[in-house]
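Spelled out from the first residue to the last, the chains are:
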Amino acid sequence: MALLEAKNLAQSFEGQEIISDVSIELGPNEIVCLIGTSGVGKTTLFQILSGLHQPTAGHVVLEGQDITGQAGKISYMLQKDMLLPYRTIEDNIALPLIIQGTHKKEARVRIQPYFEEFGLEGTQKKYPSQLSGGMRQRAALLRTYMFSHKVVLLDEPFSALDALTKHEMHTWYLKIMEKIQLSTLFVSHDIDEAIYLSNRVLVMAGTPGTIIKEIPIVRTMKNRDEFGVSPQFLEYKKQLLAFLR
């Protein structure tokens, strides 16, 4: 059974159809990447899935429950970390719980076990400006996780990082997502990243935008770094580039 389902979603603005007949399934503990050229409607789709916009047609279903247009059911992290510069890392991460009505002191207590899990131990009283780019992204991901422990939407979460930091974040991300069993749908313009991280890659194209191809990523080797330089990896990349063109 799918954890999250998008069923025949469509959205129009001022008479112009942005996306049409978009259907997606996300299973438990699954990582799925959505790729497509700029302007194809990926952000619009994420805004619908997160409940920020009501679709013109279609439904969003989470664990069998229709949550179309209901914000706060699915976590959504934008490309920038959006950490509040005047709040400590601890209070940034506690913010979702506080918004949901938890007292600040209790929220601080509840988030403490996650600092070690997310590799953020010792950063509680620091401010965002005191953290590296990679550590800020970890903090942003933890804050996003506090909104929902089931499904998260990530919009180009690693695009602002340099190549070395990005690779380190990929390795960390895979380990932490497996540990906390969080299902993830993310947008990327980096095809290598999409293949490296995902169980499936969805290609969005057209005007209006729709899903034109789904490619399952089957790895014949356990080591992802070896997979990343394999002929199999290159073949997936060729396929995806062909569909994007």
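Just above, that's the structure.
This section reports on the structure supplied with the text. What you are looking at is a predicted structure, and each value in this text was computed from that prediction instead of being measured.

### Section: the overall build of the chain
For step 1, the next point in the chain: Looking only at helices and strands, one finds eight helices and ten strands in the chain.
For step 2, the next point in the chain: Taking 18 Å as the expected radius of gyration for a compact globule of 245 residues, we find that the chain reaches 18 Å, a close match to that expectation.
For step 3, the next point in the chain: Among the 245 residues that make up the chain, the fraction classed as buried is 50%.
For step 4, the next point in the chain: Considering only residue pairs separated by 6 or more positions, the chain has 66% of its internal contacts joining residues 24 or more positions apart.
For step 5, the next point in the chain: By element, 51% of the accessible surface of the chain is carried by carbon and sulfur atoms, the whole surface being about 11,900 Å².

### Some remarks on the nonpolar core
Grouped burial of nonpolar side chains is what soluble globular proteins tend to show.
For step 1, the next point in the chain: Residues Ile93 and Phe118 are the most contacted members of the largest nonpolar core, which totals 48 residues.
For step 2, the next point in the chain: Ranked by residue count, the leading element in this core is helix α5 (residues 163–180), at seven residues.
For step 3, the next point in the chain: Excluding its chain neighbours within four sequence positions, the residues that come into contact with Ile93 are Ile111, Phe115, Leu120, Ala139, Leu142, Arg143 and Met146.
For step 4, the next point in the chain: In this structure, Ile19, Ile24, Leu34 and Leu185 belong to the second largest nonpolar core, which totals 26 residues.

### As for the environment of Thr207
For step 1, the next point in the chain: Among the secondary structure elements, Thr207 is positioned in the loop between β9 (200–205) and β10 (210–216).
For step 2, the next point in the chain: Taking the C-alpha atoms as reference points, Thr207 and Gly39, separated by 168 residues in sequence, lie 9.1 Å from one another.

### With respect to the packing of helix α2 (residues 89–99) against helix α4 (residues 133–147)
For step 1, the next point in the chain: Where α2 meets α4, the axes come as close as 8 Å, and the angle between the chain directions of the two elements is 15 degrees. By the angle class used here, α2 and α4 are roughly parallel. Crossing angle aside, the handedness with which α2 passes α4 is right-handed. Contacts between α2 and α4 involve Ile89, Asn92, Ile93, Pro96, Leu97 and Ile99 from the first element and Ala139, Leu142, Arg143, Met146 and Phe147 from the second.
For step 2, the next point in the chain: Grouping the amino acids of the contact of α2 with α4 by side-chain chemistry returns nine nonpolar, one polar and one charged.

### Observations regarding the sheet that holds β10
For step 1, the next point in the chain: Spatially, the six strands line up as an open sheet ordered β6-β7-β8-β3-β9-β10, and their pairing is mixed. Either end of the sheet is taken by a strand with one partner, and the two such strands are β6 (75–77) and β10. Recorded for the sheet is a direction-independent mean angle of 20 degrees between the axes of neighbouring strands.
For step 2, the next point in the chain: Taken together, the four bridges between strand β3 (residues 31–35) and β9 define a ladder with parallel strand orientation. Among the inter-strand pairings, Val32 is bridged to a residue of β9, identified as Arg200.

### Some remarks on the side chain of Ser50
For step 1, the next point in the chain: With respect to the helices and strands, the residue Ser50 is situated in the loop between α1 (42–49) and β4 (57–62).
For step 2, the next point in the chain: Accessibility expressed as a relative area gives 3% for Ser50, which makes it buried.
For step 3, the next point in the chain: Side-chain polar atoms of Ser50 contact the backbone oxygen of Gln47, separated by 3.2 Å.
For step 4, the next point in the chain: Once residues within four sequence positions are removed from consideration, Ser50 is found in contact with Gln70, Ala71, Gly72, Ile74, Tyr76 and Leu153.

### With respect to the side chain of Thr44
For step 1, the next point in the chain: With respect to the helices, strands and loops of the structure, Thr44 is situated in helix α1.
For step 2, the next point in the chain: A relative accessible area of 12% means that Thr44 is categorised as buried.
For step 3, the next point in the chain: Each residue touching Thr44, except ones within four places of it in the same chain, is listed here: Gln11, Phe13 and Ile18.

### Here we look at the pairing of strand β7 (residues 151–155)
For step 1, the next point in the chain: Within β7, five of the five residues are buried, which leaves the element mostly enclosed by the surrounding structure.
For step 2, the next point in the chain: The two faces of β7 match: Val151, Leu153 and Asp155 on one face and Val152 and Leu154 on the other face are all buried.
For step 3, the next point in the chain: In the sheet, β6 pairs with β7 via three bridges, with the strands oriented parallel. Along β7, the bridge assignment pairs Met77 with Leu154.
For step 4, the next point in the chain: Here five bridges tie β7 to strand β8 (residues 183–187), and the two strands are oriented parallel to one another. Bridging from a neighbouring strand, Leu153 pairs with Leu185 of β8.
For step 5, the next point in the chain: Crossover connection from β7 via α5 to parallel β8: handedness right-handed.

Scoring rules and cut-offs
Residues numbered from 1 in each chain as written. Predicted model: local features only at pLDDT ≥ 70, side-chain atom pairs only at ≥ 80, totals over all residues. Heavy atoms only, no water. Helix = DSSP H or I, 4+ residues; strand = E, 2+ residues; numbered from the N terminus. Rg over C-alpha atoms; globule rule 2.2 N^0.38 Å. Buried < 20%, exposed > 50% of the residue type's maximum accessible area, 1.4 Å probe, protein only. Contact = heavy atoms within 4.5 Å. Areas by Shrake-Rupley, 256 points an atom, 1.4 Å probe, with all protein chains shown as cover. Core = buried A, V, L, I, M, F, W, Y, C linked by side-chain atoms within 4.5 Å. Axes fitted to C-alpha atoms, helices over the stretch in contact; angles between N-to-C directions. Parallel < 35°, antiparallel > 145°, perpendicular 65-115°, else oblique. Left-handed = near helix turned anticlockwise from the far one by under 90°. Nonpolar A, V, L, I, M, F, W, Y, C, P; charged D, E, K, R; others polar. Pairing = 2+ DSSP bridges. Polar contact = N/O pair within 3.5 Å; in protein donor to acceptor, adjacent residues only side chain to side chain. Right-handed = clockwise from strand over helix to strand, strands pointing away.

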